Amino acid sequence: MISWTEPESEESAIVDVTQALRAADGPADIAGEWPETLWGLLVDAGATRWSIPTEFGGGECPRPLLVQRYARLAEASLTAVFILSQHDAAIRRLTGSADRPTARRWLSAIADGAVATVGISQLTTSRRLGAKALVATEIGGGRYRLDGGMPWVTAAERADVLVTGAFLDDDRQVLLALPTDLPGVVVKPAFDLAALQASRTAEVVVSGVEIDESDILFGPSTEISSQPGVVGTAGLETSALALGQSAAAIGGLAAALALGRDDLAEPLDVLSESWRQSWDLLMTCARGEGDSSSAGQLRTQANALALRTTQAYLTARKGSGFLRSEPAQRWARQALFFLVWSCPSPIAQAAIRDLAGICPA
């Protein structure tokens, strides 16, 4: 029922890694620990280097193909690709600052196996630790002291570097590369999440950590949030993961139809057509042919589709789908994540209106 549109030069390798991820995804979800098997599969497939420019030893993949790979891998294991998406979000910000020696050094290290992630929600959608969760204080000699925390950091316990952002006393902001082995950087125990527990998302506390101005990737500036690619929310990668999760549920419904569930034929057709429309919009945006309005519309559609498809499949599976050993309940839980992950107010409001049965404004 699902047709991927971008030509794939590594088709057999993508098929192999998705099959392996699918088999390992359920056990990783139940264990809730750092998913070494899932991460190892991504590393072995070269996925951790897809976003790194070739000049730094990466495999630099064109964006339309990259977001398609995200969706295909998310169909097999949302946990694995969620971690990868945060790793790659750090890489994109380092690449955007590649004129700075620190960024170049970290890009080369990541190509050699270092793990990166982002901790920037305090600059975007999260106020869990207050309006200025992480503060940088100038202490002279081109150095800064960091105090505060990052409320949501995926794979924090495994990362070698965090790309994060902090506020100065005068409300300017900086984006910086923070090594996790510096004294004063403390990763708290991972949150007990409703889904994606194996992503090991945690709060990171920073106390009296000193950095040099060479660690700064962007700023100080009052305009950091408005710079393309510096902070940002609701990216195409997020929508790709939601559509990958939807593809898994649609595949489950198609398999049930093939076993004689004729009552699923019409719902499956409708959901598949909605998926195709959203996918076409994703590819339009990935090719640079859409605008910010299209990207927001896509995120709203992808969120809603992830909810509808996974709950339809859970319903079709009846009581069996509610067992922890079954993917149906896992996919339904994971779909809820898209309602809260990097979800700016307009998209959250659109979701609430949709759930309330109110037509779009």
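Rules of the game
- Residues numbered from 1 in each chain as written.
- Predicted model: local features only at pLDDT ≥ 70, side-chain atom pairs only at ≥ 80, totals over all residues.
- Heavy atoms only, no water.
- Helix = DSSP H or I, 4+ residues; strand = E, 2+ residues; numbered from the N terminus.
- Rg over C-alpha atoms; globule rule 2.2 N^0.38 Å.
- Buried < 20%, exposed > 50% of the residue type's maximum accessible area, 1.4 Å probe, protein only.
- Contact = heavy atoms within 4.5 Å.
- Areas by Shrake-Rupley, 256 points an atom, 1.4 Å probe, with all protein chains shown as cover.
- Lys, Arg positive; Asp, Glu negative; His and termini not counted.
- Charge placed at Lys NZ, Arg CZ, Asp CG, Glu CD.
- Core = buried A, V, L, I, M, F, W, Y, C linked by side-chain atoms within 4.5 Å.
- Axes fitted to C-alpha atoms, helices over the stretch in contact; angles between N-to-C directions.
- Parallel < 35°, antiparallel > 145°, perpendicular 65-115°, else oblique.
- Left-handed = near helix turned anticlockwise from the far one by under 90°.
- Nonpolar A, V, L, I, M, F, W, Y, C, P; charged D, E, K, R; others polar.
- Arc of directions from axis to C-beta.
- Salt bridge = Lys/Arg side-chain N within 4 Å of Asp/Glu carboxyl O.
- Pairing = 2+ DSSP bridges.
- Disulfide = S-S within 2.5 Å.

*Asks:* Can you lay out the overall build of the protein for me, pointing to particular residues and giving the numbers?
*Replies:* Within the protein, the regular secondary structure consists of ten helices and eight strands. Since a compact globule built from 361 residues should have a radius of gyration of about 21 Å, the 20 Å found for the protein is in line with a globular shape. Principal-axis analysis of the C-alpha atoms places the extent of the protein at approximately 75 × 45 × 40 Å. Split into buried and exposed, the 361 residues of the protein put 52% on the buried side. In the protein, the share of contacts with a sequence separation of at least 24, taken over all contacts with a separation of at least 6, comes to 72%. A total of about 15300 Å² of accessible surface is found on the protein, and carbon and sulfur atoms cover 53% of it. Where the 30 positive side-chain charges of the protein centre and where its 42 negative ones centre are 4 Å apart.

*Asks:* Describe the nonpolar core, naming the residues involved and giving the relevant values.
*Replies:* With 67 residues, the main nonpolar core has Leu 21, Leu 42, Leu 73, Leu 236, Leu 241 and Leu 282 as its most contacted residues. Contributing elements (two or more residues each) for this core: helix H1 (11-31), helix H2 (36-44), helix H3 (63-76), helix H4 (78-95), helix H6 (236-258), helix H7 (265-286), helix H8 (292-317) and helix H9 (327-337). Among the elements that make up this core, the one with the highest residue count is H6 (eleven residues). Look past the residues within four positions of Leu 42 in its chain and what remains in contact with it is Leu 21, Ala 47, Thr 48, Leu 73, Ala 80 and Leu 84.

*Asks:* Give me the lowdown on the packing of H2 against H4, citing residues and values where you can.
*Replies:* Between H2 and H4, the least distance of the axes is 9 Å, while the angle of their chain directions is 60°. By the angle between their axes, H2 is oblique relative to H4. Crossing hand, H2 versus H4: right-handed. Side by side, H2 and H4 meet where Leu 38, Trp 39 and Leu 42 of the first sit next to Thr 79, Ala 80, Ile 83, Leu 84 and His 87 of the second. Classifying every residue of the contact of H2 with H4 gives six nonpolar, two polar and no charged.

*Asks:* Explain helix H5 (residues 101-111) residue by residue, including any values.
*Replies:* Regarding H5, the residues found buried are Thr 102, Ala 103, Trp 106, Leu 107, Ile 110 and Ala 111. Angularly, the buried residues of H5 cover 165° about the axis, an arc narrow enough to put them on a single face. Gly 113, located one to two residues past H5, shows a positive phi value of around 125°.

*Asks:* Please give an account of the pattern of salt bridges that cites residues and values.
*Replies:* Close approach of charged atoms allows side chains with opposite charge to pair. Per the counting criterion, the structure on display carries 21 salt bridges. A salt bridge links Glu 157 to Arg 200, with the shortest nitrogen-to-oxygen separation between them at 3.1 Å. Of the two residues, Glu 157 is situated in the loop between strand S3 (143-153) and strand S4 (161-167) and Arg 200 in the loop between strand S6 (185-187) and strand S7 (202-212); the sequence distance between them amounts to 43 residues. Assessed through its relative accessible area of 17%, Arg 200 is described here as buried. Through salt bridges that share partners, Glu 8, Glu 10 and Arg 69 make up one connected network.

*Asks:* Go over the pairing of S7, please, and point to the residues and values.
*Replies:* Pairing of S3 with S7, which is carried by nine bridges, proceeds in the antiparallel orientation. Bridge assignment links Val 153 to a residue of S7, and that residue is Ala 202.

*Asks:* Explain the state of the cysteines to me, and be specific about the residues and the numbers.
*Replies:* Going through the model one piece at a time under the given rule, you end up with zero disulfides. Cysteine Cys 61 shares no disulfide, and the gap to the nearest cysteine sulfur, in Cys 285, comes to 17 Å. Overall, Cys 61 belongs to the buried group, its relative accessible area being 11%.

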